[in-house]
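Listed below are the residues making up each chain.
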Amino acid sequence: MEVRKVVIPVAGWGTRSLPATKNIPKEMLPIFKKPVVQYVVEEAQSAGIDTVVLVTSQNKTIIEDHFDHNLTLENLLERKGKSQLLQEVRDVSEMVNIIAVRQKVQLGLGHAVLCAKEVCKDEAFAVMVGDDLMFGKEPGIQQLLDVARTENMAVVGVIEVPENKVDRYGIIQGEEFRPGVFRVRNLVEKPAIGTAPSRLAIVGRYVLVPEIFKYLEKLEPGVGGELQLTDALQGLANENRLLAVKLRGQRFDAGDWVEYLTANIYFALHDEDLHDDLVKRIQELVPCKGR
Ligand code: G1P
């Protein structure tokens, strides 16, 4: 199974991150030195994906621009002899090909993926949710691609979440047929606490086959009145063509303030120059309890 494209839906408002996102797309909020979306694109790139399909809306062109050259800035850095910064800035522009498609009305994640139909046509493709960040030895999407290729099937990434958080996710139910890999039987989007069939929650990583479009086109509004990708995936599960893989690594939901701030600290702590000073400052702050 060849997967060259990743669909990244970025049309949403980011209401959880207001007022920071009043005029800045939530995908452009920085985590340490890079915007959130760059981490997602780097994960895709390191898994051999070379084309990003951004499903966008108005006021989001800044995301496309981030992955393009900024010649004025490059010239300035060159003139000033800042060669390392220049290289970093150029690398971002050359990372991937960008295709942008418009989601003119935001009807849900399923609808966003459907907007990419004309671009993905009859190829298998990945979907990565723009504010779900995965870090670890193996890129999250690579773990899905490995299973998708060996089994020649669509795959969703899952993690185990506590019982009191199942209502924030799509939850799967299935049989584990080899360690960490499940044959998915049923999926339910954001089940009420106490009704979920398991604690295996879908994180924003998917490898999909073109047949998904057949199910996306037939979708009726689901939870929250939205066209849910999870509901379309039930179509593939009914045909015995959907697997789930339990992801290894750290995951951060950049739309949640605690997680967003933790991700910033996680990355900054990995920077040798900052590490010691940062630990010291945090230790000084903690006893203050916000004062
Ligand atoms: C979406 C999906 C959900 C998944 C989640 C992961 O929900 O619909 O199944 O568990 O992403 O982040 P959202 O967070 O967009 O409401």
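Residues numbered from 1 in each chain as written. Predicted model: local features only at pLDDT ≥ 70, side-chain atom pairs only at ≥ 80, totals over all residues. Heavy atoms only, no water.

**Quick notes on the packing of aromatic side chains**
- Scanning all chains against the criterion turns up nine aromatic pairs.
- Aromatic side chains W257 and Y260 sit 5.5 Å apart centroid to centroid with 85° between the ring planes, which places their arrangement in the edge-to-face category. Within this pair, W257 and its partner Y260 are both found in helix 10 (residues 257–269), separated by three residues, close to a single helical turn.
- Accessibility expressed as a relative area gives 37% for W257, which makes it partly exposed.
- Relative accessible area serves as the criterion here: at 9%, Y260 is assigned to the buried category.
- The cationic tip of R183 hangs over the ring face of F177; the distance from NZ or CZ to the ring centre is 4.8 Å. (Phe/Tyr/Trp six-rings, centres within 6.5 Å; stacked < 30°, edge-to-face > 60°. Helix = DSSP H or I, 4+ residues; strand = E, 2+ residues; numbered from the N terminus. Buried < 20%, exposed > 50% of the residue type's maximum accessible area, 1.4 Å probe, protein only. Lys NZ or Arg CZ within 6 Å of the ring centre and 35° of its normal.)

**Some thoughts on the packing of helix 10 against helix 11 (residues 272–285)**
- As a packed pair, helix 10 and helix 11 sit with axes 8 Å apart at the nearest point and diverge in direction by 140°. Relative to helix 11, the element helix 10 is oriented oblique. From helix 10, I265, A268 and L269 reach across to helix 11, where they touch L274, H275, L278, V279 and I282. (Axes fitted to C-alpha atoms, helices over the stretch in contact; angles between N-to-C directions. Parallel < 35°, antiparallel > 145°, perpendicular 65-115°, else oblique. Contact = heavy atoms within 4.5 Å.)

**Some thoughts on the packing of helix 3 (residues 71–79) against helix 4 (residues 83–94)**
- Helix 4 packs onto helix 3 with a crossing angle of 155° between their chain directions and a minimal axis gap of 9 Å. In terms of their interaxial angle, helix 3 and helix 4 are classed as roughly antiparallel. In this structure, helix 3 crosses over helix 4, and the sense of that crossing is left-handed. Contacts between helix 3 and helix 4 involve L73, E74, L77 and E78 from the former and L85, L86, V89, R90 and S93 from the latter.
- Looking at the contact of helix 3 with helix 4, its residues break down into five nonpolar, one polar and three charged. (Left-handed = near helix turned anticlockwise from the far one by under 90°. Nonpolar A, V, L, I, M, F, W, Y, C, P; charged D, E, K, R; others polar.)

**Some details on the layout of surface pockets**
- Considering only enclosed or pocket space, the largest pocket measures out at about 1100 Å³ in volume.
- Forming the walls of the largest pocket are 38 residues, and the residues nearest its centre are K26, L109, V129, D131 and K190.
- Where the lining of the largest pocket is concerned, the elements lending two or more residues are helix 5 (109–114), strand 11 (200–208) and strand 13 (250–253).
- Ranked by residues supplied to the lining of the largest pocket, first place goes to strand 11 with four residues.
- By residue class, the composition of the lining of the largest pocket is 12 nonpolar, 14 polar and 12 charged.
- In this structure, the second largest pocket encloses a volume near 450 Å³.
- Taken together, 18 residues make up the lining of the second largest pocket; nearest its centre are Q38, L85, E88, V89 and V92.
- Partitioned by chemical class, the residues of the lining of the second largest pocket number five nonpolar, six polar and seven charged. (1 Å grid on protein atoms, 1.4 Å probe; cavity = no way out; pocket = protein on both sides within 12 Å on 5 of 7 lines; lining within 4 Å. Points joined across faces, edges and corners; volume = space filled by probe spheres on them.)

Read these as layout, nothing more, since geometry by itself doesn't imply function.
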